[in-house]
Amino acid sequence: MGDKYHSDDDLVNHAADLDAHTYNLWERLQIGKYKTYPLFTKSGEISAVAMGANKLITMPLPVARAMTLDRIGVKFQAGGGAGTHARLGIYNDGSDIYPGTLLLDAGLVDSSAAAIVAITISQSLTKGLYHIAIISDGTPALYRAQYFIGMGGYASAGNYWGCGWEVAQAYGALPATFHAGAAQDATYLRRLLYRIASLD
Amino acid sequence: MPETRYISESDGKGKILNRVPYEVSDEELAEEKEQDAMRKAEKLIDAISNLNGAKVFLKKLVRRLIKNGALP
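The sections below set out a description of the structure shown in this document. Here the residue index of a chain counts from 1 through its sequence in written order. Chain A is the first chain written and ligand 1 is the first ligand written, with later ones labelled in order. Per-residue local features are limited, in this predicted model, to residues with pLDDT of at least 70; the limit for side-chain atom pairs, both in listing and counting, is 80 or more; totals at the level of whole chains, interfaces and linings are taken over all residues. By convention in this description, side-chain values take in all heavy atoms of the structure and omit both hydrogens and water.

1. Considering the overall build of chain B
Phase 1: A helix here means a DSSP run of H or I that spans at least four residues, while a strand means a run of E at least two residues long, and both kinds are numbered starting from the N terminus. Looking only at helices and strands, one finds one helix and two strands in chain B.
Phase 2: The atom set for the radius of gyration is the C-alpha atoms, and the globule formula is 2.2 Å times the number of residues raised to the power 0.38. Over its C-alpha trace chain B gives a radius of gyration of 25 Å, far above what one expects of a compact globule, namely 11 Å for 72 residues.
Phase 3: Per-residue burial over chain B gives 12% buried out of 72 residues.
Phase 4: Two residues qualify as a contact provided that any one of their heavy atoms is within 4.5 Å of a heavy atom in the partner residue. Look at the contacts in chain B between residues 6 or more apart in sequence, and 18% of them connect residues 24 or more apart.
Phase 5: Working note: accessible area of chain B is about 6,100 Å², and carbon and sulfur atoms make up 59% of it.
Phase 6: Within this scheme the basic residues Lys and Arg register as positive and the acidic residues Asp and Glu register as negative, but His and the chain ends are omitted. In plain terms, the charge of a residue is placed at NZ if it is Lys, CZ if Arg, CG if Asp and CD if Glu. Put simply, chain B has 14 plus and 13 minus side-chain charges, and the middle of one group is 20 Å from the middle of the other. Under the scheme applied here, a residue whose accessible area is under 20% of the maximum for its type counts as buried, over 50% as exposed, and between as partly exposed, the area being computed with a 1.4 Å probe on protein chains only. Accessible surface area values rest on a Shrake-Rupley calculation with a 1.4 Å probe, where residue burial reflects the displayed protein chains alone.

2. Describing helix 1 (residues 26-67) of chain B
All names here are of chain B.
Phase 1: Here, expected helix span is obtained from the residue count minus one, scaled by 1.5 Å. The terminal C-alpha atoms of helix 1 lie 61 Å apart, and with 42 residues this matches the ideal 62 Å at 1.5 Å per residue to within 8%.
Phase 2: Every buried residue belonging to helix 1 is among Leu 29, Gln 35 and Arg 39, and all of these are buried.
Phase 3: The positive-phi residue at the C-terminal boundary of helix 1 is Gly 69, with phi of around 80°.

3. What about a positive patch on the surface?
Residues and elements named next belong to chain B.
Phase 1: A contiguous patch of positive charge on the surface is contributed by Lys 55, Lys 59, Lys 60, Arg 63, Arg 64 and Lys 67.
Phase 2: If you trace the backbone, Lys 60 turns up in helix 1.
Phase 3: Taking relative accessible area as the criterion, Lys 60 reaches 56% and is therefore assigned exposed. Only residues whose relative accessible area exceeds 30% and that form no salt bridge enter a patch; like-charged residues are grouped when within 9 Å of one another, and nonpolar side chains (Val, Leu, Ile, Met, Phe, Trp, Tyr) when within 5 Å. Each reported salt bridge corresponds to a side-chain nitrogen of Lys or Arg within 4 Å of a carboxyl oxygen of Asp or Glu.

4. Some thoughts on the nonpolar core
All names here are of chain A.
Phase 1: Take the buried residues of types Ala, Val, Leu, Ile, Met, Phe, Trp, Tyr and Cys, join any two whose side-chain atoms come within 4.5 Å, and each joined set is a nonpolar core. Counting residues in hydrophobic clusters, the biggest one holds 31 residues, and the most contacted among them are Leu 61, Leu 69, Ile 72, Val 74, Phe 76, Val 109 and Ile 134.
Phase 2: Mapped onto this core, the elements with two or more residues apiece are strand 3 (55-63), strand 4 (67-78), strand 5 (85-93), strand 6 (99-110), strand 7 (115-125), strand 8 (128-136) and strand 13 (193-199).
Phase 3: Considering each element in turn, this core owes the most residues, five residues, to strand 4.

5. Overview of the interface of chain B and chain A
Phase 1: Taken together, the contact between chain B and chain A spans 17 residues of the former and 19 residues of the latter.
Phase 2: Put simply, buried area is the surface a 1.4 Å probe can reach on two separate parts but cannot reach once they are joined, added for both. Both faces combined, the contact of chain B with chain A buries some 1,200 Å², and carbon together with sulfur accounts for 40% of it.
Phase 3: Linking chain B with chain A are two salt bridges, by the criterion used here.
Phase 4: Two residues, Glu9(B) and Arg71(A), come together in a salt bridge whose shortest N-O distance is 3.0 Å.
Phase 5: We define a polar contact as two N or O atoms separated by no more than 3.5 Å, with the added condition that, inside protein, one atom must be a possible hydrogen donor and the other a possible acceptor, whereas residues neighbouring each other in sequence contribute only through side-chain atom pairs. Here chain B and chain A share seven residue pairs in polar contact (both at pLDDT 80 or more) between them.
Phase 6: Of the residues belonging to the side of chain B that touches chain A, the class tally is four nonpolar, six polar and seven charged.
Phase 7: Relative to strand 1 (residues 3-10) of chain B, strand 7 of chain A runs parallel, the two sharing four bridges. Opposite Ile116(A), over in strand 1 of chain B, you have Ile7(B) as the bridge partner. Only Asp, Glu, Lys and Arg are considered charged, only Ala, Val, Leu, Ile, Met, Phe, Trp, Tyr, Cys and Pro nonpolar, and every remaining residue, Gly among them, polar. Whether two strands pair depends on DSSP finding at least two bridges between them.

6. As for the sheet that holds strand 11 (residues 183-185) of chain A
Residue and element names in this part refer to chain A.
Phase 1: The six strands are arranged 6-5-8-3-10-11 in an open sheet whose pairing can be described as antiparallel. A single partner strand is all that each edge strand has here, and the edge strands are strand 6 and strand 11. For this sheet, the mean inter-axis angle between neighbouring strands, taken without regard to orientation, is 25°.
Phase 2: As defined by bridge partners, strand 3 adjoins strand 8 across seven bridges and the pair is classed as antiparallel. When the bridges of strand 8 are listed, Ile 57 appears paired with Ile 134. Here an axis means a line fitted to C-alpha atoms, over the contact stretch when the element is a helix, while the angle between two N-to-C directions is reported on a 0 to 180 degree scale.

Written as structure tokens, this is what we have:
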């Protein structure tokens, strides 16, 4: 008797139906609704914290399949001061879970009040890792969450797997390349938002 | 009662394009209230801590002034 699981016929069948063996739950995503870090549970949400002015902050965005985003946004728990703004964008992954080159500078939103604010975009993404970024000239408070599962390594405390980043950057257009030397946001994730227009 | 709020969607240059309503459930509103209360409690604790810090500083200052003869 031949090996049931390793016959040439089966290999051909497997190749024709590869998805049956590599199915990724994270490829199933609802479109048209705002989302945040996909590996996050609501029960992991904790209180908000003010972000520093002139700090470029990122949240990892794992993308399991090609898709097009039509919104990028943020939920401010508290405003950052009268007349303040925040810029949002997306960085490609560089190396070792660290943001690299700028993919999109989406523009600015009002950060003066507690609200959900978003920017209309049209950004295609292919499978891979990206980093959603925010910077403000004020100190709005962002909601935080505990990492559900870690892509980053153990932080010095030995208890967390941070994969968000924070680095000093004068408020303005997002830099073409994410600066080296960012601090690993080791304990809690600052939540940013996006919306999927289509799965491509 | 659930509360209706709005997501402001802009063009990235400051112009609001849409205001999309969304409903905040009773449960979420209760959670927000709880978080607000927690933040107020944390602020109060910070204030008390600062007050204690100020007392310690004043005690040290008074002791030093007495030691230096600046106070009777």
